[in-house]
Amino acid sequence: MPAPPRPAPRARLLHAAALMVALATTAALPAVAAPQNQRLTVVELFTSQGCSSCPPADANLIALSRRPDVLALSFSVTYWDHLGWRDTFGKPEFTRRQYAYEPQLGERGPFTPQMVVNGRISRVGFNLAEIERAISGAPPLSGPDITLGPREVSIGRGAAPATEADIWLVAYDPNVVEVPVRRGENSGRTLPHVRVVHRLERLGGWDGKPVHIARSETPPGLLTAVLVQLPSGGPILSAVTE
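Nothing here was measured: the structure is a model prediction, and the numbers come from that model.

Rules and cut-offs
- The numbers attached to residues start from 1 for each chain and follow its sequence in the written order.
- Selection of residues for local features in this predicted model requires a pLDDT of at least 70, selection of side-chain atom pairs for listing and counting requires 80 or more, and totals for whole chains, interfaces and linings are taken over all residues.
- For the side-chain quantities, the full set of heavy atoms in the structure was used; hydrogens and water were omitted.
- In this text, helices come from DSSP runs of H or I with a minimum length of four residues, and strands from runs of E with a minimum of two, each type numbered from the N-terminal end.
- Residue exposure (1.4 Å probe, protein chains only): buried if accessible area is under 20% of the type maximum, exposed if over 50%, otherwise partly exposed.
- Whether two residues are in contact is decided by their heavy atoms, any of which lying within 4.5 Å being enough.
- For the area figures, the Shrake-Rupley method with a 1.4 Å probe applies, and any residue is considered shielded solely by the protein chains shown.
- Salt bridges are defined as contacts in which a side-chain nitrogen from Lys or Arg sits within 4 Å of a carboxyl oxygen from Asp or Glu.
- The angle between two axes is taken between their N-to-C directions and runs from 0 to 180 degrees, where each axis is a line fitted to C-alpha atoms and a helix contributes only its stretch in contact.
- By the definition adopted for this analysis, an angle is roughly parallel if under 35 degrees, roughly antiparallel if over 145, roughly perpendicular if from 65 to 115, and oblique otherwise.
- Each crossing is labelled by how the near helix is turned from the far one, with a counterclockwise turn of less than a right angle marking it left-handed and a clockwise turn marking it right-handed.
- Each residue gets one label: Ala, Val, Leu, Ile, Met, Phe, Trp, Tyr, Cys and Pro are nonpolar, Asp, Glu, Lys and Arg are charged, and the others, such as Gly, are polar.
- We call two N or O atoms a polar contact when they sit within 3.5 Å, provided that within protein one can donate a hydrogen and the other can accept it, with sequence-adjacent residues counted only if both atoms are side-chain atoms.
- Throughout, nonpolar core names a set of buried Ala, Val, Leu, Ile, Met, Phe, Trp, Tyr and Cys residues whose side chains join them through atoms within 4.5 Å.
- Directions drawn from the helix axis to the C-beta atoms are what define this arc.
- The pairing criterion is simple: DSSP has to find at least two bridges between the two strands.

S.K.: Sorry if this is basic, but what is going on with the overall build of the chain here?
M.R.: In terms of helices and strands, the chain carries 4 helices and 13 strands. In the chain, buried positions account for 52% of the 242 residues. Within the chain, residue pairs in contact and separated by at least 24 positions form 72% of the contacts whose partners lie at least 6 positions apart. Of the roughly 10800 Å² of accessible surface on the chain, a fraction of 55% belongs to carbon and sulfur atoms.

S.K.: Can you walk me through the pattern of salt bridges in this structure?
M.R.: Pairing of side chains with opposite charge becomes possible as their charged atoms draw close. Per the stated rule, a full pass over the model turns up 9 salt bridges. One salt bridge in this structure joins glutamate 130 and arginine 123, with 3.5 Å as the shortest N-O distance. Each member of the salt-bridge network shares a partner with another, and the members are Glu164, Asp166 and Arg202.

S.K.: When you look at the packing of helix α2 (residues 55–65) against helix α4 (residues 128–137) in this model, what are you seeing that I'm missing?
M.R.: When two helices pack together, you describe them by how their axes are tilted relative to each other and by the distance separating the axes. α4 packs onto α2 with a crossing angle of 45° between their chain directions and a minimal axis gap of 10 Å. If you check the angle between α2 and α4, you find them oblique. Crossing angle aside, the handedness with which α2 passes α4 is right-handed. Of the residues in α4, those touching α2 at Asn60, Ala63 and Leu64 are Leu128, Ile131, Glu132 and Ile135. Classifying every residue of the contact of α2 with α4 by side-chain character gives 5 nonpolar, 1 polar and 1 charged.

S.K.: Explain the side chain of threonine 112 here, please?
M.R.: Along the chain, the position of threonine 112 falls in the loop between α3 (92–105) and β3 (114–117). For threonine 112, the side chain forms a polar contact with the side chain of tryptophan 80, separated by 2.7 Å.

S.K.: I tried to follow the nonpolar core on my own but got confused; where do I start?
M.R.: Most often, soluble globular proteins keep nonpolar side chains buried together rather than apart. Residues Val42, Leu71, Leu73, Phe75, Val170, Val197 and Leu227 are the most contacted members of the largest nonpolar core, which totals 25 residues. Looking at this core, the elements that each hand over two or more residues are β1 (41–47), β2 (70–76), α3, β7 (165–173), β10 (196–206), β12 (223–229) and β13 (236–241). When residues no more than four places from it in sequence are discounted, the contact partners of valine 170 are Leu73, Val197, Arg199, Leu200, Leu223, Thr224, Ala225 and Leu227. Core analysis: the second largest hydrophobic core is formed by 18 residues, Leu45, Ala57, Leu61 and Ala72 among them.

S.K.: Can you help me understand α4 in this one?
M.R.: Every α-helix carries 3.6 residues per turn, so stepping three or four residues along brings you back to the same face. Looking only at α4, the buried set comprises Leu128, Ile131, Ala134 and Ile135. What you see down the axis of α4 is that its buried residues fit within an arc of 120°, all on one side. Of the exposed residues in α4, the ones pointing more than 90 degrees away from its buried face are Arg133, Ser136 and Gly137. The N-terminus of α4 is capped by asparagine 127, whose side-chain oxygen sits 3.2 Å from the backbone nitrogen of alanine 129.

S.K.: How should unusual backbone geometry be read in this particular structure?
M.R.: If a residue is not glycine, its phi is most likely negative; likewise, a peptide bond is most likely trans. Geometrically, the link from threonine 112 to proline 113 is a cis peptide bond, its omega value of -5° lying close to zero. On the secondary structure map, proline 113 appears in the loop between α3 and β3. The phi torsion at asparagine 118 lies on the positive side, around 55°, for a residue other than glycine. Relative to the helices and strands, asparagine 118 is located in the loop between β3 and β4 (121–124).

S.K.: What exactly am I supposed to notice about the sheet that holds strand β6 (residues 152–155) here?
M.R.: Sheet strands pair by backbone hydrogen bonding; their relative direction is either parallel or antiparallel. The 3 strands are arranged β5-β6-β11 in an open sheet whose pairing can be described as antiparallel. Each of the sheet's edge strands pairs with one partner strand only, and the pair in question is β5 (146–148) and β11 (211–214). Shown here is a sheet whose adjacent strand axes are inclined to one another by a mean of 15°, direction ignored. Of the pairings in the sheet, the one linking β5 to β6 comprises 3 bridges and is antiparallel in character. Paired with leucine 148 across the strands is valine 153, a residue of β6.

This is the structure in C-alpha cells:
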C-alpha cells in the first residue's frame, strides 16, 4: 500500500475549548446498554494517539458511547506512527478500512479525526453537535436481522443486495482506557479512549438469504459487534452488539 498522505489540514484547526466542552458533555451523560434487537446508528471514529487534533474527538466518542441508540467504535490508524509515537491500538486493517471509505464518501483522502455514520456520512470528529446532527439525519439501518450467539452469528432474510454484502465481526473494549503518550504530538498527555476496536474479521458474505456462520470466542474483557455492510466501504445495512 503506498504511503498515505498527511491528514487534511482542516482536522488540525482545533481549540482547547472544543476538548473542554466535549469532556464536560461526557461527564454529564449516564452509561446505558443497548438491547440486541434495537436498530442502532453506527459511528466509527478513525483516530490516532499521534494526532494532536484527535483528543476532542476521542472525548466526543465517549459521550456518544453512552447513548443506547449508538454503536460507537474507535479504530486507531497507523499513518501517524512515523511522527515519534506508535499508536498502541493501531492496526493496518483499520487503516485499510478508512481508506476504503474515502472514495465512497467523497473525501480526497484519509484524515484524523474522522467520524463515519452508518457508512454513509463523513464528518470531522471534533464537533459533537455536528456529529449529533449527522446521526439524526442518517437514514436508519433497514437491513436483515442479526442474531449474535455465543458460537454462531445468524443473518436473516432480506432484500438481496446488488453485490454480496460483507459480514464483519468487531471485538472492542467497552471501557474507557487511559493511555499515557510519551512522544510525538501528544507527548506528556494521558488520552482517554472508549470502544477501542481490537479485532476486525470478515466472517463471510450475505446475499439476501438466511445464513449461519460460526464465530470464534471473544477474548475476555471485550464485547462483540456484527455489521452487515456493502463491500468496499459501502453503507452499513445492519448492526448488532452484545
